[in-house]
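The lines below spell out each chain.
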Amino acid sequence: MSTPPVFMYHSISPSTQPDPHRLRVSPARLDRHLRLLRRLGLRGVPLSELLRAADRGEARGLVGLTFDDGYTDYLEHALPVLQRHGMTSTLYVVAGRLGGSNQWDDGPRLDLIDADQVRAVAAAGHEVGSHTMTHPRLAGADPDVLAAEIGGSRQVLTDVLQAEVASFCYPYGEFDAAAADAVQAAGYDSGCVIGDYSPGDRFTLPRCYISPRDTAGHLVARIVRHTARLRLH
Ligand SMILES: [Zn+2]
């Protein structure tokens, strides 16, 4: 499947505390990225909208914007920037950690949005997708773990949102065939990984990682590289 580039962000914050896993992009930098996309005639949309457009052959001029983990700084710092540029996005939340923090890594503790905030994100016109229950590595996981993390998290978010949950994202981008099959079996419409190495199928969609220091120029380079790779395939 040939889809436009999908960008992957995590935390959006002006914080200056240590960022050992390079997850944080400042709001000013996000603003420059989105301004550049607009100048290129591109509009950021959620994954589900991007794929629907691609299915109709109408994805030209669109890029996917995704934010992983569901940090509270998305509400405070990403949403206003997205709204300023008329863009929307997918926020992938860890359904078993709503209102908690990123206990899965050893970096600084960051707050995660709670159920009310999940509903607020959806009400603001953005998509909420699943990033599992507890953020485990899914490659090689047992079938019952896959069912609980992938299907279980979809059920939790469906209950919170009272709406279908279409989009899934693998923690650490790690997946195998069994995990991708489980995503499809659970009723999702797509699954996102990391890396723009090659176009995957709908349940292993590659994304471009945006690092804290990526300039607007880096973004252009990623778009060009993504487009060139699609032509090769
Ligand atoms: Zn994550």
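Conventions and cut-offs
Residues numbered from 1 in each chain as written. Predicted model: local features only at pLDDT ≥ 70, side-chain atom pairs only at ≥ 80, totals over all residues. Heavy atoms only, no water. Helix = DSSP H or I, 4+ residues; strand = E, 2+ residues; numbered from the N terminus. Buried < 20%, exposed > 50% of the residue type's maximum accessible area, 1.4 Å probe, protein only. Contact = heavy atoms within 4.5 Å. Donors = N, O, S within 2.8 Å, 3.2 Å for Na, K, Ca; no water. Pairing = 2+ DSSP bridges. Right-handed = clockwise from strand over helix to strand, strands pointing away. Core = buried A, V, L, I, M, F, W, Y, C linked by side-chain atoms within 4.5 Å. Lys, Arg positive; Asp, Glu negative; His and termini not counted. Salt bridge = Lys/Arg side-chain N within 4 Å of Asp/Glu carboxyl O. Polar contact = N/O pair within 3.5 Å; in protein donor to acceptor, adjacent residues only side chain to side chain.

Student: With reference to specific residues and values, describe the overall build of the protein.
Tutor: Helix and strand content of the protein: 7 helices and 10 strands. Seen through its principal axes, the protein has C-alpha atoms that stretch 45 × 40 × 30 Å. Taking all 233 residues of the protein together, 52% fall into the buried category. A fraction of 65% describes how many contacts in the protein between residues 6 or more apart in sequence connect residues 24 or more apart.

Student: So what's going on with unusual backbone geometry? Which residues, and what values?
Tutor: A positive phi is found at Asp-69, a non-glycine position, where the angle reads about 90°. Relative to the helices and strands, Asp-69 resides in strand S5 (residues 62-69). Overall, Asp-69 belongs to the buried group, its relative accessible area being 4%. One non-glycine residue, Thr-132, lies in the positive phi region at around 75°. Mapped onto the secondary structure, Thr-132 falls in the loop between strand S7 (127-130) and helix H5 (143-161). Residue Thr-132 is classed as buried on the basis of its relative accessible area of 0%.

Student: Now, about the side chain of Ser-130: what can you tell me, with residues and values included?
Tutor: Here Ser-130 lies in strand S7. Among all residues touching Ser-130, those that are not within four sequence positions of it are Tyr-92, Val-93, Ser-153, Leu-157, Val-165, Ser-167, Phe-168, Cys-169 and Tyr-188.

Student: Lay out the environment of His-77 in plain terms, naming residues and giving numbers.
Tutor: Tracing the backbone shows His-77 in helix H3 (residues 73-84). For His-77, a relative accessible area of 18% translates into the label buried. Residues His-77 and Ala-180, spaced 103 residues apart in sequence, show a C-alpha to C-alpha distance of 32 Å.

Student: An account of the coordination of the zinc ion is requested, with residue identities and associated values reported.
Tutor: Protein coordination at the zinc ion comes from Asp-69 (OD), His-131 (NE2) and His-135 (NE2), with a distance range of 2.1 Å. Look at where the donors of the zinc ion fall in the sequence and you get D-x61-H-x3-H. Here His-131 and His-135 have matching classes, each one buried.

Student: How would you summarise the pairing of S7 if you had to cite specific residues and measurements?
Tutor: Here S7 shows a buried face lined by Glu-127 and Gly-129 and a second buried face lined by Val-128 and Ser-130. Two strands pair when backbone bridges link them, and strand S6 (residues 90-93) and S7 are joined in this way by 4 bridges, in the parallel orientation. Looking at the pairing, Thr-90 lines up with Glu-127 of S7. Handedness of the crossover joining S6 and S7 through helix H4 (residues 115-123): right-handed.

Student: Before we move on, can you summarise the nonpolar core with the specific residues and values?
Tutor: In terms of nonpolar packing, the biggest core is built from 45 residues, with Phe-7, Tyr-9, Leu-37, Leu-65, Phe-67, Leu-82 and Tyr-170 touching the most fellow members. Apart from the residues within four sequence positions on either side, Tyr-170 is in contact with His-131, Leu-138, Phe-175, Ala-179, Ala-180, Val-183, Gly-191, Cys-192, Val-193, Phe-203 and Thr-204. In terms of nonpolar packing, the next biggest core, distinct from the first, is built from 12 residues, Ala-53, Ala-59, Tyr-92 and Cys-169 among them.

Student: Just give me the short version of the side chain of Arg-29, but keep the residues and values in it.
Tutor: Note that Arg-29 resides in helix H1 (residues 27-39). Among buried charged residues, Arg-29 stands out as having no salt bridge; its nearest opposite-charge side chain is Asp-214, 6.9 Å away. A polar atom in the side chain of Arg-29 sits 2.9 Å from the backbone oxygen of Asp-214. Not counting residues within four places of it along the chain, the set of residues in contact with Arg-29 comprises Pro-212, Arg-213, Asp-214 and Thr-215.

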